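Reading the structure
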Amino acid sequence: LQNSGVYPVGKQHSKIDLTEMEESLLKLNMVKSVKCYFANNGDVNVSVTQRVPVFRVKEEGRDYYIDNERKRMPTSIKFSAYVPIVTGNVNFDFAVSELYDFVVYLQSESRWRSAFTQIYVYPDNKVELIPRVGDFRIKLGTLERYEAKLGKLEKFLKVLPKYHSWDKYSVINLEYKDQVVCQ
């Protein structure tokens with residue numbers, strides 16, 4: 001508000017333009033809605049609702065968030081949200097539909113919330129996960145039946161240490177029904 005020249009502190013009520021204050025705040029990337037009004041005691045109240053990023057898309061030449069309303073949200077040089085990173089060939093329609101549902105699922109499940117550092121999307125919308133622990137990739141394939149695929153992964157990761165070390169495989173492929181294929 002100070003930078004926009006509409007800072008209300010020390011001004012008379014007749015000199016305060018509430019509409020201009022709202023418009024100034026709505027220009028900020030992270031602001032979803034603003035309501036400015038005078039309280040009964042004469043104070044100026046400003047109520048701001050912040051946009052909530054769900055994941056960040058980083059592609060060649062493009063960098064943006066998808067927010068909790070499935071809308072594109074620009075990044076900021078002053079702020080970086082701690083959300084999953086999605087790279088590769090991300091089609092916007094795919095990002096705000098199937099991929100959005102998948103990321104929300106991952107974030108809602110405590111066992112998966114911090115398990116992956118990155119989601120990579122191929123041109124055919126097949127998905128690969130990069131885990132936080134281990135030096136391997138997880139090929140999920142399409143997002144059809146992703147809950148079942150992640151269930152297979154959970155079972156596999158529980159028995160893996162009994163038979164091999166974590167660095168034995170470079171790829172764990174969950175694309176096939178009732179199978180875990182490793183390279």
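The text that follows walks through the structure, step by step, so that each part is easy to find.

Reading the values: the criteria
Residues numbered from 1 in each chain as written. Predicted model: local features only at pLDDT ≥ 70, side-chain atom pairs only at ≥ 80, totals over all residues. Heavy atoms only, no water. Helix = DSSP H or I, 4+ residues; strand = E, 2+ residues; numbered from the N terminus. Rg over C-alpha atoms; globule rule 2.2 N^0.38 Å. Buried < 20%, exposed > 50% of the residue type's maximum accessible area, 1.4 Å probe, protein only. Areas by Shrake-Rupley, 256 points an atom, 1.4 Å probe, with all protein chains shown as cover. Phe/Tyr/Trp six-rings, centres within 6.5 Å; stacked < 30°, edge-to-face > 60°. Pairing = 2+ DSSP bridges. Polar contact = N/O pair within 3.5 Å; in protein donor to acceptor, adjacent residues only side chain to side chain. Core = buried A, V, L, I, M, F, W, Y, C linked by side-chain atoms within 4.5 Å. Contact = heavy atoms within 4.5 Å.

Points about the overall build of the protein
- Along the backbone of the protein there are four helices and 11 strands.
- Taking 2.2 N^0.38 as the reference for a compact globule, 183 residues should give roughly 16 Å; the C-alpha atoms of the protein span a radius of gyration of 23 Å, well beyond that estimate.
- For the protein, the spread of C-alpha atoms along the principal axes amounts to about 75 × 30 × 25 Å.
- Taken over 183 residues, the protein has a buried fraction of 35%.
- When the accessible area of the protein is evaluated, it comes to approximately 11300 Å², of which 47% is carbon and sulfur surface.

Description of the packing of aromatic side chains
- Applying the stated criterion to the full structure yields five aromatic pairs.
- Taken together, a centroid distance of 6.2 Å and an interplanar angle of 50° make the contact between Phe156 and Tyr169 tilted. Here Tyr169 lies in the loop between helix H4 (146-163) and strand S10 (171-173) and Phe156 lies in helix H4, a separation of 13 residues in the sequence. Residue Phe156 shares its accessibility class with Tyr169, and that shared class is buried.
- Among the aromatic residues, ring-to-ring pairing joins Phe102, Tyr105 and Tyr146 into one connected group.

Focus: the pairing of strand S8 (residues 127-131)
- Most of S8 sits inside the fold, with four of its five residues counted as buried.
- Taken together, the five bridges between strand S7 (residues 116-121) and S8 define a ladder with antiparallel strand orientation. Bridge pairing in S8 places Gln118 opposite Ile130.
- Where S7 folds back on S8, the antiparallel hairpin that results is connected by five residues, among which Asn125 adopts a positive phi of roughly 65°.
- By the bridge criterion, three bridges tie S8 to strand S9 (residues 137-141) in an arrangement that is antiparallel.

Quick word on the environment of Arg70
- Inspection of the secondary structure puts Arg70 in the loop between strand S4 (62-67) and strand S5 (72-74).
- Expressed as a C-alpha distance, the spacing of Arg70 and Asp93, which sit 23 residues apart in the sequence, is 9.8 Å.
- At 3.5 Å, the side chain of Arg70 forms a polar contact with the backbone oxygen of Ser97.
- A polar side-chain atom of Arg70 sits 2.6 Å from a polar atom in the side chain of Asp101.

What about the sheet that holds strand S11 (residues 181-182)?
- The strand order across the open sheet built from nine strands is S5-S4-S3-S6-S7-S8-S9-S10-S11, with neighbouring strands paired in mixed fashion. Where the open sheet ends on each side, the last strands, each with one partner, are S5 and S11.

Looking at the nonpolar core
- Core analysis: the largest hydrophobic core is formed by 34 residues, its most contacted members being Phe55, Leu99, Phe102, Ile119, Leu129, Leu140 and Leu150.
- The set of elements that each furnish at least two residues to this core consists of strand S3 (53-59), S4, helix H2 (92-95), helix H3 (98-108), S7, S8, S9 and H4.
- For this core, the element with the highest residue contribution is H3, accounting for six residues.
- Apart from the residues within four sequence positions on either side, Leu99 is in contact with Phe55, Val86, Val90, Phe94, Ile119, Val121 and Leu143.
- If you look at the next biggest cluster of nonpolar residues, it comprises eight residues, including Ile16, Leu18, Met21 and Val31.

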